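Understanding the architecture of this molecule
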Amino acid sequence: MFNLPPFPSTFRLKNLVTITARGFELKVNPHSAQADHATREWFKSFAIYNESKKLAFLERGRFDVFAAFSFPDADLEHLETCLAFFFWAFATDDLSDEGDFQAKPEAVREGIVISNRILYDPGAPRPDHPYSAMLHDLLRRIRATASPGASSRFARAFEQWSSSQIEQSHNRSIDRIPPVGEFILMRRATIGAAMVEAMVEYSLDIDLPDYVFEDPTVIAMSEATSDIMTWPNDLCSFNKEQADGDLQNLVCCIMAEHRVGLQDAIDVLTRMLDDRVGQYIKLKLQLPSFGPEVDAELARYHKALEHFVQGTVLWYYRSPRYFRDAPSLGHKEILITLYRPTIAEPPSQFSEDLYLIRPARL
């Protein structure tokens, strides 16, 4: 047995936006206010929260800012759908991350079964289950203009994301922290990276042949962008998650595997992020040619995906989901004070073989 070191009262976090900026450009959509008004009304029509919690979800998320940063070139109609995607995805994700299903894999599975019934059937009736009903509306909007390939990729990505939610819920239920390599693979799925890529295609009605996505360099670039949007999430959400007693976070995996304290784990992951940005830049130079027309469409896709990644990293700092007070990005690093736990804490040990973990805090 190995005792996880107690968390200190503070830790330092470098400005991740400047790290990712050397490979990813930021741009802002001018239609966000209009899209937010219409999509909020759509979201409020579903009975998933009481009124006070629904308002808190919308205000705390700042999803309008997220959409503006992440889909800067989408027109108003497509931006509304992209914002609806965020509302649905985060509301659904919160069920397993912090809601009633946090450590109940069977409950997560039951909701997914309902959603799977409509995934490949455009004529399926709208389900009564509110989360599935939101997905039903989302699928209808996507199918209206997306290429068949993008629509299929979204459906397959949902299945992958769903399976990862069950796996993550199971890990929570037995307090298991996976090894770093295993967690990185699972994390690409739990953050919904493949669904994001399909939404990027939809946002600009990009039409790429399926064989492009089977190219090894394109696959490697996809894995890199997935990590570059995900690892900052684990760094920025660590404080909130540790307070909630949720240690399904790459920072915790590094602490366990490397047997280091919190600050060292934060620094290790930050260096990993910097290296990953460099790898993406090199991969981009190695892209093969698929012919002038496909190359032009692929360049448009990658530029839109880069916008999404950089917009996402900036949004982490701007959303009260992760920081109760938006930190200044005018400094190289910020000092973060750990939030007090919001739930009762279990014992502070984990099994060395399976990384079965119980958090210890000061």
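On a predicted model such as this, the values are computed, not experimentally measured, just so you know.

Spanning 28 residues, helix α11 (residues 216–243) covers 40 Å between terminal C-alpha atoms, matching the ideal 40 Å at 1.5 Å per step. In terms of burial, α11 is a largely internal element, 24 of the 28 residues being buried. Its side-chain oxygen placed 2.9 Å from the backbone nitrogen of T217, D215 serves as the N-cap of α11. Trailing α11 by a residue or two, G245 shows a phi angle of about 80°, which is positive.

Moving on: the layout of surface pockets. In this structure, the largest pocket occupies an estimated 610 Å³ of space. Q160, A194, E197, F213 and S222 are, among the 27 residues lining the largest pocket, the residues nearest its centre. If you list the elements that add at least two residues to the lining of the largest pocket, you get α8 (148–173), α9 (180–190), α10 (193–203), α11 and α14 (292–318). A class-by-class count of the residues in the lining of the largest pocket yields twelve nonpolar, seven polar and eight charged.

What follows deals with the packing of α9 against helix α12 (residues 250–258). In contact at an axis separation of 9 Å, α9 and α12 are set at 170° when each is read in the N-to-C sense. In terms of their interaxial angle, α9 and α12 are classed as roughly antiparallel. Here V180, F183 and I184 of α9 come into contact with α12, specifically with L250, C253, I254 and E257. Residues that form the contact of α9 with α12 fall into these classes: six nonpolar, no polar and one charged.

Here strand β2 (residues 333–337) shows a buried face lined by I334 and I336 and an unburied face lined by E333, L335 and T337. Strand direction decides the pairing type here: strand β1 (residues 10–14) and β2, joined by five bridges, are antiparallel. Looking across to β2, one finds that F11 is bridged to I336.

This part takes up the nonpolar core. In terms of nonpolar packing, the biggest core is built from 113 residues, with L13, F43, F85, F86, W88 and F154 touching the most fellow members. Excluding anything up to four places from it in sequence, F86 contacts F63, F66, A67, S70, F71 and F308.

Let us now look at the side chain of T20. Inspection of the secondary structure assignment puts T20 in helix α1 (residues 16–21). Take T20: its relative accessible area is 0%, and that puts it in the buried class.

Quick notes on the rules
Residues numbered from 1 in each chain as written. Predicted model: local features only at pLDDT ≥ 70, side-chain atom pairs only at ≥ 80, totals over all residues. Heavy atoms only, no water. Helix = DSSP H or I, 4+ residues; strand = E, 2+ residues; numbered from the N terminus. Expected span 1.5 Å × (residues − 1). Buried < 20%, exposed > 50% of the residue type's maximum accessible area, 1.4 Å probe, protein only. Polar contact = N/O pair within 3.5 Å; in protein donor to acceptor, adjacent residues only side chain to side chain. 1 Å grid on protein atoms, 1.4 Å probe; cavity = no way out; pocket = protein on both sides within 12 Å on 5 of 7 lines; lining within 4 Å. Points joined across faces, edges and corners; volume = space filled by probe spheres on them. Nonpolar A, V, L, I, M, F, W, Y, C, P; charged D, E, K, R; others polar. Axes fitted to C-alpha atoms, helices over the stretch in contact; angles between N-to-C directions. Parallel < 35°, antiparallel > 145°, perpendicular 65-115°, else oblique. Contact = heavy atoms within 4.5 Å. Pairing = 2+ DSSP bridges. Core = buried A, V, L, I, M, F, W, Y, C linked by side-chain atoms within 4.5 Å.

By themselves, these observations are geometric and do not establish any function.
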